[in-house]
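Chain and residue survey
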Amino acid sequence: MRYEGVVYRPPSEAGSLLIQATIGCPHNQCTFCGMYKEKQFRIRSVADIKEDLNQAQKVYRNTVETLFFPDGNTILMKTSDLAEIIHYAKETFPSLQRITMYGSSKYILRKSEEELLLLQKSGLTRIHSGMESGDDIVLKRICKGASAEETIMTGRKVKKAGIELSEYVMLGIGGKERSMDHAQNSAKVLNQINPDFIRLRTFIPMAGTQLYEEYRQGAFGLLSAHEALRETRLFIANLEVTSMLYSDHHSNYAYVNGRLPAVKEEMLQTIDHLLTLPEEQFRPPEVGNL
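Numbering of residues begins from 1 in every chain and follows the order in which that chain's sequence is written. Only residues with pLDDT of at least 70 are given local features in this predicted model, and only at 80 or more are side-chain atom pairs given and counted; all residues enter the totals for whole chains, interfaces and linings. No hydrogens and no water enter the side-chain calculation; it runs on all heavy atoms of the structure.

**Describing the overall build of the protein**
The way it works is that DSSP assigns letters per residue, a run of H or I at least four long becomes a helix, a run of E at least two long becomes a strand, and they are numbered from the N terminus. Counting secondary structure elements, the protein contains ten helices and ten strands. On C-alpha atoms alone, the protein measures out to a radius of gyration of 19 Å, which is about the 19 Å that the 2.2 N^0.38 rule sets for 290 residues. Looking at the protein as a whole, 53% of its 290 residues are labelled buried. Should any heavy atoms of two residues lie within 4.5 Å, those residues are counted as being in contact. Restricting to contacts in the protein with at least 6 residues of sequence separation, those with at least 24 account for 78%. Each accessible area value is a Shrake-Rupley result obtained with a 1.4 Å probe; residue values ignore everything except the protein chains displayed when judging cover. Put simply, the protein shows about 12700 Å² of open surface, and 49% of that area lies on carbon and sulfur atoms. In this setup the radius of gyration rests on C-alpha atoms only. A globule is expected at 2.2 Å times the number of residues raised to 0.38. Exposed residues in this analysis have more than 50% of their type's maximum accessible area, buried residues have under 20%, and partly exposed residues fall in between, with area computed by a 1.4 Å probe over protein chains only.

**Re the layout of surface pockets**
Reported here for the largest pocket is a volume of approximately 1000 Å³. Points on a 1 Å grid, built from protein atoms alone, make a cavity when a 1.4 Å probe fits but cannot get out and make a pocket when they are open with protein on both sides within 12 Å along at least 5 of 7 lines; residues with an atom within 4 Å of a point are the lining residues. Every residue lining the largest pocket is counted, 38 residues in all, and those nearest its centre are Phe-32, Cys-33, Met-35, Tyr-102 and Met-170. Ten residues, namely Ala, Val, Leu, Ile, Met, Phe, Trp, Tyr, Cys and Pro, are considered nonpolar, four, namely Asp, Glu, Lys and Arg, are considered charged, and the remaining ones, Gly among them, are considered polar. Classifying every residue of the lining of the largest pocket gives 16 nonpolar, 16 polar and six charged. Looking at the lining of the second largest pocket, the elements with two or more residues in it are helix H5 (136-141) and helix H8 (210-216). Among the residues forming the lining of the second largest pocket, the class breakdown is six nonpolar, four polar and four charged. Grid points are joined across faces, edges and corners, and a volume is the space filled by probe spheres set on the points.

**A short note on the pattern of salt bridges**
The salt bridge definition used is simple: a Lys or Arg side-chain nitrogen within 4 Å of an Asp or Glu carboxyl oxygen. Summed over the entire model, instances satisfying the criterion amount to 18 salt bridges. Between Asp-248 and Arg-199 there is a salt bridge whose closest N-O contact spans 3.0 Å. Of this pair, Asp-248 sits in the loop between strand E9 (244-246) and strand E10 (258-259) while Arg-199 sits in strand E8 (residues 197-202); the two residues are 49 residues apart in sequence, bridging distant segments of the chain. With relative accessibility at 4%, the residue Arg-199 sits in the buried group. A salt bridge links Asp-272 to Arg-233, with the nearest nitrogen and oxygen atoms 2.6 Å apart. With a gap of 39 residues between them, Asp-272 in helix H10 (residues 264-274) and Arg-233 in helix H9 (residues 225-237) connect regions that are remote in the sequence. A cluster of three or more residues bridged by salt bridges with shared partners is formed by Arg-2, Arg-44, Glu-51 and Asp-52.

**Considering the nonpolar core**
Phe-69, Phe-235 and Leu-245 are the most contacted members of the largest nonpolar core, which totals 63 residues. Discounting chain neighbours no more than four positions away, the residues touching Phe-69 are Ile-19, Ala-21, Ile-49, Thr-74, Ile-85, Ile-86, Ala-89, Ile-99, Thr-100 and Met-101. Counting 13 residues, the second largest nonpolar core, distinct from the first, contains Cys-33, Ile-142, Ile-173 and Phe-220. In this description, a nonpolar core means a group of buried Ala, Val, Leu, Ile, Met, Phe, Trp, Tyr and Cys residues linked to one another through side-chain atoms lying within 4.5 Å.

**Focus: the packing of H9 against H10**
Comment: axis = line fitted to C-alpha atoms, over the contacting stretch for helices; angle = value between 0 and 180 degrees taken between N-to-C directions. Between H9 and H10, the shortest axis-to-axis distance is 10 Å and the interhelical angle comes to 165°. As judged from the angle between their axes, H9 and H10 are roughly antiparallel. Here H9 runs over H10; the crossing is left-handed. Contacts between H9 and H10 involve His-226, Leu-229, Thr-232, Arg-233, Ile-236 and Ala-237 from the former and Lys-264, Met-267, Leu-268, Ile-271, Asp-272 and Leu-274 from the latter. By residue class, the composition of the contact of H9 with H10 is seven nonpolar, two polar and three charged. The scheme is simple: roughly parallel for angles under 35 degrees, roughly antiparallel for over 145, roughly perpendicular for 65 to 115, oblique for anything else. We call a crossing left-handed when the near helix sits turned anticlockwise from the far one by less than a right angle, and right-handed when that turn is clockwise.

**A word on the state of the cysteines**
For the purposes of this analysis, a disulfide is any pair of cysteine sulfur atoms at a distance within 2.5 Å. Taken as a whole and judged by the stated rule, the model has zero disulfides. There is no disulfide at Cys-30, and the cysteine sulfur nearest it, in Cys-33, is 6.2 Å away.

**Describing the sheet that holds E8**
Strands were regarded as paired on the criterion that DSSP finds at least two bridges between them. Across the sheet, which stays open at both edges, the eight strands sit in the order E1-E4-E5-E6-E7-E8-E9-E10 with mixed pairing between neighbours. Looking at strand neighbours, the two that pair on one side only are strand E1 (17-18) and E10, the edges of this open sheet. Of the strand pairs in this sheet, strand E6 (residues 126-132) and strand E7 (residues 164-171) are connected by six bridges, and their pairing is parallel. Along E7, the bridge assignment pairs Arg-126 with Glu-164. Against the sheet, helix H7 (residues 179-193) contacts E6, E7 and E8, and its axis sits at roughly 175° relative to E7.

**Details of the pairing of E8**
Among the six residues that make up E8, six are buried, leaving the element largely enclosed by the rest of the structure. Covered by surrounding structure in E8 are Phe-197, Arg-199 and Arg-201 together with Ile-198, Leu-200 and Thr-202, the residues of both alternating faces. Strand direction decides the pairing type here: E7 and E8, joined by six bridges, are parallel. Bridged to Val-169 within E8 is Leu-200. Each parallel crossover has a hand, and for E7 linked through H7 to E8 it is right-handed. As paired elements, E8 and E9 share three bridges and run parallel to each other. Paired with Arg-199 across the bridge in E9 is Tyr-246. Note on handedness: a clockwise path from strand one over the helix to strand two, with the strands aimed away from the viewer, defines a right-handed crossover.

Have a look at this one:
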């Protein structure tokens, strides 16, 4: 496998084979993200991707059960090419049970329902999508590239095609000013999608990004631990979904996981308990960036 630069993948893909299908991110404008700044976006050729799959087969034989195609927004690839590499991966690794990739609303929008259905039939199992927020003011400020309504449209399209959808929400990305609106509107958007998975991340300012500079200059109000927990509580309290919710990231203050709505009250009780603890017991909100 010929990896270029740092390769990112979701925590749930920790055990997956990683085969770069794209390099970098075609959007690369989100004010909070510095993951792909050193890369010029390009799509790798189908031949190169197949060659990497062949190399991986020589190393791992038939032990590969899950496969993730980085980098950012691999869903942007031509649908016929995506279908070809997915099909080839299944032929190369007969034990494959899951094939996944990143795809934001901005680029999923470009796929028709027929194209998404073709990808599902080819073997695409799941799309990891960073909605970050369901609040249009926040989405515009962080230059996400899609509105709340577009997020709902694309989420429903993915679900209709029979592809699992994992939506990511970034706690604290609305700052102090939009915290409550961010929590409530994010829940509202997800209620209209009912994704298979909801995964929580808590915003930590990353050096070299626009939002980091806004934070340093005092233009962005970073949430304290208790403020982030209250936002998390409000978000979960407003969810009306049957999704699996995971707080599976080191940035989070509350590790609440499980199927909604069955475990909602247990999650809220856990957060209420955490709110009784002194803030000094939690990590600083800016940890790792100063």
